[in-house]
Amino acid sequence: TNLKYSHYKHHQETKRLVSEDIYLIMLSFFRWMASWPLPFLLILPAIYVTLTAVGLTRDDIVENEVGKIWTRQSGKYYKRKEYSDTLDEKYGGSSISSFAGMAFTRTEGGNLFNAENLQSILDRMKKVESTTVEYNGNTITYQDLCSSNNAGRGTTYEFPCLRLSPMDLFQEARWFFDEEPSRATWYSDVLRKLLVAPRVPRFGIMQNTCTSSGAQSSSNACDRVYSLRTDPLFALKEGFSLDYVDPISLFSDIGNLEYSDPCRICIEQGYESTMVFLTESITGTLGFLAQEVQRSAQAGDTDAAALLPKIGAIFAGLDRAAVEEFYFYYVTRGLYAQLGSGSYITNFESFMQQLGSICDLLTGSACPRNVTSLEAQQALLNHADNSFSSVTTAGIPFPFWSNGDGTGFLFGGTNPVGGSGINLGGILLSTSAYLDASNVGTPSWAPRYEGTAMSPADPFFVQLVETDPVYRWFMAGVTPMTAHCGNGDLLGTNSGNPALDGATSVGAAAASTDWCTEYNTPFEVDGEATQQHFAKMWFELLLDSPSFLNVVQGESDPYTWTTGQGCGYDVRGARYSFTNQTESLILENASGYLYYVDEGESVGALDRSFLMGDVVPSIGEYNNENPLERVGTIQNLYLVLSPEGVVKRVKNCNRPGGPIENLSERDAETILEDFKEQFEKAWSEGWNDDEAGDVQFVGFFDDVGSTGSTGRILKEITLSSGTLMIASFVIIALFSVLFLASVDLVESRVLIALVGVGLVILSYFGALGLSILFGIKINITIGWTLPFILIGLGVDDMYIVTLALKRRRGYSTEDFVETMREVFVPVTMTSLVNVCMFAIMNISDIASVYLTAQVAVLAVVFLYLVIILCFPAYCVLDMRRQEAGRMDVLVCIKSKEDIEEREVSKHDTTGLIYQYFYEPMMLKPGTLRLLTHVVICLATLALLGLSASGVNDMELGLGLEDLFPKDEQAGVWAVERTETLASWSIGMDWGDVDYTDPNVQMKMVEQFEGVISTPHVTEVQTKQLWIADLALWTSRLCGANFDRDDPDVKECGRDIEYGPGDFCSGTWKKNSMGLRLKNFEDVQGNCLVSEGGVCRPTAQMHPIDIVELEIDPISEANSSWCPVFEGWSDDKMAYCVRQWMNFTGGGGSLKIEPDTKTPYEACSGEFYNDGEIASPIPISSSPTMFAFDLFTHEDTVDMIEETRKFCDDDTEIKCWLTGIPYDYWEQYIDINQLVNQLAGASIGVGFVVSALFLFVQINFLSDNTASTLQVFGGSIAGAFMIAITTFASVFSVVGLSSLAGVSLTAFSVMSFVLSVGFAVEYSVHIVHRFLTAPASIKTARDRVEYSMNFLFLPTFMSFVSSTIGVSTLAFTEFQFNTIYFFRPLIIVMFVTYFLGCYTLPVVLSLMDFDFLKLGADASHVEGEASVEKPVDDEDD
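**Some thoughts on the overall build of the protein**
- Counting its regular elements, the protein contains 42 helices and 22 strands.
- Relative to the globule expectation of 35 Å for 1436 residues, the C-alpha radius of gyration of the protein, 45 Å, shows a markedly less compact shape.
- On the principal axes, the C-alpha backbone points of the protein span a range of 150 × 70 × 60 Å.
- Burial analysis of the protein (1436 residues in total) assigns 57% to the buried set.

**Thoughts on the side chain of Ser771**
- If you trace the backbone, Ser771 turns up in helix α24 (residues 750-773).
- The buried category is assigned to Ser771, whose relative accessible area is 1%.
- Residue contacts for Ser771: discarding those within four places in its chain leaves Ile776, Val855 and Leu858.

**Considering the nonpolar core**
- Counting 436 residues, the largest nonpolar core has Phe113 and Trp1026 as the members making the most contacts within it.
- Residue contributions to this core peak at 23 residues, all from helix α27 (residues 847-883).
- Residues contacting Trp1026, with those up to four places away along its chain left out, are Tyr995, Met1004, Met1133, Trp1140, Gly1147, Gly1148, Leu1150, Ile1177, Ser1180 and Ser1181.

**A look at the environment of Tyr434**
- Here Tyr434 shows up in helix α14 (residues 430-435).
- Judged by relative accessible area, which is 0%, Tyr434 ranks as buried.
- The sequence separation of Tyr434 and Arg448 amounts to 14 residues, and the corresponding C-alpha distance is 5.0 Å.
- When neighbours within four sequence positions are excluded, Tyr434 is seen to be in contact with Pro447, Arg448, Tyr449, Met454, Ser455, Asp458, Phe460, Phe461, Leu464 and Val465.
- Among the polar contacts listed, one links the side chain of Tyr434 to the side chain of Asp458, at a separation of 3.4 Å.

**A word on the side chain of Thr392**
- Of note, Thr392 is situated in the loop between α13 (373-385) and β5 (396-401).
- Overall, Thr392 belongs to the buried group, its relative accessible area being 0%.
- What Thr392 contacts, discounting residues up to four positions off in sequence, is Gly406, Val417, Gly418, Gly486, Gly488, Leu490 and Thr513.

**Points about the environment of Asn138**
- Residue placement: Asn138 occurs in strand β3 (residues 138-141).
- The exposure class of Asn138 is partly exposed, given its relative accessible area of 27%.
- A sequence separation of 494 residues divides Asn138 from Gly632, and the C-alpha atoms of the two residues are 40 Å apart.
- Non-local contacts of Asn138, meaning those with residues more than four positions away in its chain, are made with Val133 and Ile660.

**Quick notes on helix α32 (residues 998-1012)**
- Given a rise of 1.5 Å per residue, 15 residues ought to cover 21 Å, and the 21 Å separating the end C-alpha atoms of α32 matches this to within 8%.
- Within α32, 13 of the 15 residues are buried, which leaves it mostly tucked inside the rest of the structure.
- N-capping of α32 is provided by Asp997, with a side-chain oxygen placed 2.9 Å from the backbone N of Asn999.

**A short note on the state of the cysteines**
- The final tally for this structure, using the stated rule, is 10 disulfides.
- The side chain of Cys359 participates in a disulfide bridge whose partner is Cys367; the two sulfur atoms lie 1.8 Å from each other. Its S-S torsion of approximately -80° makes the covalent link between Cys359 and Cys367 left-handed. An identical accessibility class is assigned to Cys359 and Cys367; each is buried.
- Left unpaired, Cys892 is separated from the closest cysteine sulfur, that of Cys875, by 20 Å.
- Summary of cysteine pairing: Cys937 is not part of a disulfide, and the nearest cysteine sulfur, belonging to Cys1397, is at 16 Å.

**Here's the deal with a nonpolar patch on the surface**
- A surface patch of nonpolar side chains, amounting to about 370 Å² of accessible area, comprises Leu751, Val889, Leu890, Val891 and Ile893.
- The residue Val889 is located in the loop between α27 and α28 (911-923) in this model.
- Classification of Val889 as partly exposed rests on a relative accessible area of 45%.

**Looking at the pairing of strand β8 (residues 527-530)**
- Burial along β8 is one-sided: the face carrying Gly527 and Ala529 is buried and the face carrying Glu528 and Thr530 is not.
- Bridge analysis of strand β7 (residues 480-483) against β8 gives 4 bridges, and the strand direction is antiparallel. In the strand pairing of β8, Met481 is matched with Ala529.

**Here we look at helix α36 (residues 1193-1204)**
- When the terminal C-alpha atoms of α36 are compared, their 16 Å separation across 12 residues agrees well with the 16 Å that a helix rising 1.5 Å per residue should span.
- Within α36 the residues assigned to the buried category are His1193, Asp1195, Thr1196, Val1197, Met1199, Ile1200, Thr1203 and Arg1204.
- For α36, the elements touching its buried residues are α3 (75-91), α30 (960-963), α32, β21 (1185-1187), β22 (1215-1219) and α37 (1220-1225).

**What about the sheet that holds strand β19 (residues 1120-1124)?**
- Spatial strand order, β17-β19-β18: 3 strands in an open sheet with antiparallel pairing. The two strands at the open ends of the sheet, each matched to only one other strand, are β17 (1067-1070) and β18 (1096-1097).
- Contacts between α32 and the sheet are confined to β17 and β19, with β19 contributing the most and set at about 110° to the helix.

**Quick look at the pattern of salt bridges**
- Summed over all chains, the structure comprises 58 salt bridges.
- Among the ionic pairs, Arg1036 bridges to Glu1108, the shortest N-O distance being 2.6 Å. Of this pair, Arg1036 sits in the loop between α33 (1026-1033) and β15 (1057-1059) while Glu1108 is found in helix α34 (residues 1103-1108), placing the two residues 72 residues apart along the sequence.
- Among the ionic pairs, Asp1410 bridges to Lys1413, the shortest N-O distance being 3.3 Å.
- Look at Asp1410 and you get exposed, because its relative accessible area is 58%.

**Examining a negative patch on the surface**
- On the surface, Asp953, Glu955, Glu1194, Asp1198 and Glu1201 cluster together to form a negatively charged patch.
- Mapped onto the elements, Asp1198 comes out in helix α36.
- A relative accessible area of 35% means that Asp1198 is categorised as partly exposed.

**Here we look at the packing of helix α16 (residues 469-476) against helix α18 (residues 531-544)**
- At a minimum axis distance of 6 Å, the contact between α16 and α18 shows a crossing angle of 110°. As far as their axial angle goes, α18 and α16 are roughly perpendicular. Residue-level contacts link Trp473, Phe474 and Ala476 of α16 to Gln531, Gln532, Ala535, Lys536 and Phe539 of α18.
- Residues that form the contact of α16 with α18 fall into these classes: 5 nonpolar, 2 polar and 1 charged.

**Looking at the packing of aromatic side chains**
- Here the structure, examined in full by the defined rule, presents 82 aromatic pairs.
- Aromatic pair Phe203 and Phe251: ring centres 5.2 Å apart, planes at 50°, arrangement tilted. Placement of Phe203 in helix α6 (residues 179-208) and of Phe251 in helix α9 (residues 250-256) is noted, with a sequence separation of 48 residues between them.
- We classify Phe203 as buried; its relative accessible area is 0%.
- Judged by relative accessible area, Phe251 falls into the buried class, the value being 4%.
- Both rings, one in Phe1376 and one in Tyr1380, keep their centres 5.4 Å apart while their planes meet at 35°; by these two values the pair is tilted.

**Overview of the pairing of strand β14 (residues 984-990)**
- The buried count for β14 comes to 6 of 7 residues, which makes it a mostly enclosed element.
- One ladder, built from 3 bridges, connects β14 with β21; its direction is antiparallel. Counted as the bridge partner of Ile986 is Met1185 from β21.
- As paired elements, β14 and β22 share 5 bridges and run antiparallel to each other. Paired with Met988 across the two strands is Leu1217, which belongs to β22.
- Bridge analysis of β14 against strand β20 (residues 1180-1181) gives 2 bridges, and the strand direction is antiparallel.

**Here we look at the packing of helix α38 (residues 1231-1260) against helix α39 (residues 1268-1299)**
- Close contact between α38 and α39 brings their axes to 8 Å; oriented N to C, the two are set at 150°. With respect to each other, α38 and α39 are oriented roughly antiparallel. Every pair of crossing elements has a handedness; the one defined by α38 and α39 is right-handed.
- Taken together, the residues that form the contact of α38 with α39 break down as 16 nonpolar, 6 polar and no charged.

**Some details on the confidence of the model for the protein**
- Scored by pLDDT, the protein has a mean of 88; 95% of the residues are at 70 or more.
- Counting contacts from residues 904-910, a segment whose pLDDT is below 50, to residues more than four positions away or on other chains yields 16 contacts.
- Scored below 50 in pLDDT, residues 1418-1436 makes 27 contacts in the model with residues more than four places away or belonging to other chains.

**Quick word on unusual backbone geometry**
- In this model, Val616 is joined to Pro617 through a cis peptide bond whose omega is -10°.
- Here Pro617 shows up in the loop between β11 (612-616) and β12 (630-641).
- Backbone torsion omega between Ser1175 and Pro1176 reads -5°, so that peptide bond is classified as cis.
- Position of Pro1176 relative to the elements: it lies in the loop between α35 (1130-1144) and β20.

The rules behind these values
- Residues numbered from 1 in each chain as written.
- Predicted model: local features only at pLDDT ≥ 70, side-chain atom pairs only at ≥ 80, totals over all residues.
- Heavy atoms only, no water.
- Helix = DSSP H or I, 4+ residues; strand = E, 2+ residues; numbered from the N terminus.
- Rg over C-alpha atoms; globule rule 2.2 N^0.38 Å.
- Buried < 20%, exposed > 50% of the residue type's maximum accessible area, 1.4 Å probe, protein only.
- Contact = heavy atoms within 4.5 Å.
- Core = buried A, V, L, I, M, F, W, Y, C linked by side-chain atoms within 4.5 Å.
- Polar contact = N/O pair within 3.5 Å; in protein donor to acceptor, adjacent residues only side chain to side chain.
- Expected span 1.5 Å × (residues − 1).
- Disulfide = S-S within 2.5 Å.
- Patch = residues over 30% accessible without salt bridge, like charges linked within 9 Å, V, L, I, M, F, W, Y side chains within 5 Å.
- Areas by Shrake-Rupley, 256 points an atom, 1.4 Å probe, with all protein chains shown as cover.
- Salt bridge = Lys/Arg side-chain N within 4 Å of Asp/Glu carboxyl O.
- Pairing = 2+ DSSP bridges.
- Axes fitted to C-alpha atoms, helices over the stretch in contact; angles between N-to-C directions.
- Lys, Arg positive; Asp, Glu negative; His and termini not counted.
- Charge placed at Lys NZ, Arg CZ, Asp CG, Glu CD.
- Parallel < 35°, antiparallel > 145°, perpendicular 65-115°, else oblique.
- Nonpolar A, V, L, I, M, F, W, Y, C, P; charged D, E, K, R; others polar.
- Phe/Tyr/Trp six-rings, centres within 6.5 Å; stacked < 30°, edge-to-face > 60°.
- Left-handed = near helix turned anticlockwise from the far one by under 90°.
- pLDDT = per-residue confidence, 0-100.

Next up, the structure:
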């Protein structure tokens, strides 16, 4: 016994020494504060005021970029995005911003596709695309900002802006193709350059060379293709309708034929060989002719001397381009005869049926009533070769006029009217025969002229040279001519019979055709040009004429003239018109595929799933056989440039109003932000006006490049917390005044309450100011959680200090010091737990969570410092006031009572609520207490059970429909988008992989095709993937040579030499990865909406490739092959890719070395696409894809997981998917894990910190007789009870929030984890006081009463003040704040208070264990202690 007592005394002495050291330090500090309060009164407030003033007055302190708060900021995906952003900074980015303009019917189940609604949409499109903004004296238009407004180099600002719209189904959408310059550009740079110019000469090759009936037939490869369009009987035999028979449609067929098709091979080889032959022959012949003419001129021949300048000029400008141009018009002449003969026969018969008798009368002989096909062809050739007419340029091919220039009379001769003015009817290259050019330099050379020199006067020269179509054509190019394009009428007869002449004059006028437009210069007024100029004019007008292409320059556009490339469209057709059409017919006509103006030439048919919604039948189910019944919603996509792109655009020489040279990127960002807002307002005008028509317009502009819809609303929501914040501060202050006021004006603590609340508020704003200085902007979570939560936590600690001093009832320094010693540990412990809780939130990589947590950590530290280092100093002054008998607030007035005469009411300490409610129900023995405890236990179990149900059924995610207010047009857009047009654009990126490796190339294709095969991703043709397109460019299937800019420069990889004998050519590899095959037209010629893949079966391989690769067509019949390139070095790759980009436009968003593009000499501000490629290629991208049917957040998460399986999760090559779904929804894949991590870590840290502080405080800072082991055990038990309470709180908050409609998001997670702070705030104080109750208090019930007797009022006040702060959130006008901040936080308030102040005391009242009794013993000699009851006022 003595030994045990000795150990006990030694232990107690050790504890006493440690306690005394700490105790002395603490006492010294607070005595110093009591003695010298002034520094403590001023220093911290001054610092906080300074931080607040400096921080909150800085510019741009509100975070309005949703991506910086709502997306993950770490992990593999973030690092890859960071890698991409780094490259964008180095090489320049190519980001595009988009506006989604939605239109839907206000009528439930209504249909947009009727004439009235469609016209409303069209009118709105016209209005919105006319949006302008003013900046520094410049008017900025949509053309300045849209992503693309050209049809090729040199046409920027001369072509409409790119936009995607279901309105492109209808002809009326043509409005934005204004006459000048858009339609003119389309005519010259699209129709002429890309369609007509390459196809006309190939048409001639097909007809003359590649069919068995051709004049120079060398193959029958095109017989079937040609016959199907020209022979009705053959078409019917092959199962085609008569509608399919249309020779002009061969123009479309030529472009659609596969390059491996024998017909296409014949055409391309024939065209190339013909051009090579003609170029060599013409340049050689005319070059030798020039020499001979020069020799004759030198010999004194005056005719040769006169001819020499012209021949020299011709030869100087002679190249392949000039030869191809000649051949184009030469073939056009032939096609006129061959394709026009049928119409000529029909029209001739009709003409003569009406006027044949007059012809007989006036000519004195029987005029023919019909003609043969050969006669018709010859008549048309004669017309083409006839003289040019300024009177009526179109003229007429019937040979009945006295003069062919339009001045002759009907039936007065045998001339047609009008023509090219150049007779190309001679023998081609007959000049060569005259010169005997093939034998020049040989002994057998024998030219057709006599003597040693030729002479232009030589009969053979006249016969063979001057009749040569080549000579005539090029000579016309150097022969001046004065004329104009005219639309006059043909003349009738000149019989002298007024009635007859009048009648035929009317008839001739009716037969006249107006070909000329103002674009055919000179127009209507004579001007000087060359004969060739007027001949070109006539041939081009011939091609445009109704009998051929039926296009009118300056009037026709892609909506009124279709190329036949798109399914459902014909050559020379038109898109459907809705004007004056019935609803059913409009719906039927709109049931086909949707194309942009190029009819799918570049990207195929547009996917309707992101442009049309609320469709019956659904997309994919409706077609022309099963037409649409209604369309409820459509969406237009308008694309605009980044600030960097705007700066470059406005420098363009074609800009209306002149280039802008001094615009900075910051200026451009400001312009874009203003433009986005104006554009959005223009589109959505009248959105909430039910009288504004049946169509409701709403829209959304993203935040790429500058602030858009989300950024604006985010800033508005973030800043809108100010009013409610002030209201909550005022109410908390009033509440504090109410509870700390007293009828005894000396004992009243109103002023100190207001000071305390003010210091707490100042602490928060000081921390916020410092956070801003650290670079943290105020985000929506900071604005709508921290001020309402942290002020409550801070005020709670203020209550603890104030009420402890009030309970002390003394005014001396020792009373102050002892009170601070008592509250120091619990305040420090709760503050440290809160700091740790918020610090742990940095586990999250969602910026809204960890940035808010970082501000909260600073705020908790600032609050702690003010509660410990500043507020007590004010309490010292208040104690001195009370000691001096001065009244509260009115401190200059002293009470007339002495201090000894004043009595403090019991109600000032415990309060009426405690005395009449809490104590009798929770603490006093009896039936009521027992019943209350049973009810609380049952309620707790019910709470946990209900919460479990909510946790199991918790919905996932947060969308724009949740963020935007429902009374904002963007909010309506977000809801409608989610319900009917749930789609987002996505993409794929590849990093620095070995792009020269064929296996990598095929793997990229495999990944791309895997992604687009998933259920939520739209179809995209594989050839749109840059690596696939590049591989095709290196193969024999390359189409770049079809319409090359410079005929002398071939544009396919196989023709481009990297080094001597080393070309940018590729090869084919067996399809070992199961890649998609290309879709091919069936024998019936059914239209293909998508080409599918790029690999092809053996049967579709190019014959030369089969030979070169030694493919056995029989044994490999079921094999397929994919285009690749191999054996390339990085330098060769860079060179070849640069050529590919320059000739085809390229793709893949490949990085270009800055300032390496060649300026376009014809227009400043434009460049060739020939910049140096960053090598090795560091990154590349897929074409834009669309994820659709994302109606729920679960759908979006499913899409992410489905697609990442093919890309991000594939470890073979570095690939990652990008886009809004991946940016914003990726967090939901493991958000449950995040909640568990944050809550678990917070609870765990709370447990550790609580255990540590309980142990230190009880073992070293209090007078108790327990052993260290007992203290340790009790501290662990206490911490465990705190942790259990905290866990129950978090679990209940999550579950009840779910039942209240709160989804699991980063914002709600923040609120959930905040419950840890409040649970700890309540439970730490209660458990600490329960454990340290005096040893004289024996029973657990009495210990609970001891604890709650002191803590009920401060915890109740804390609950009420915090609840007041949160309750003000209920008055927000934003539904988002109500759901994601108010609901979970108000649940936090009630749940944590109930579990902490009701359930926990009930549980503690059952914990009647000696190891939990760690309080000091008033009589601890030899371990004995007297039993005391809890202090009661009545016992004082």
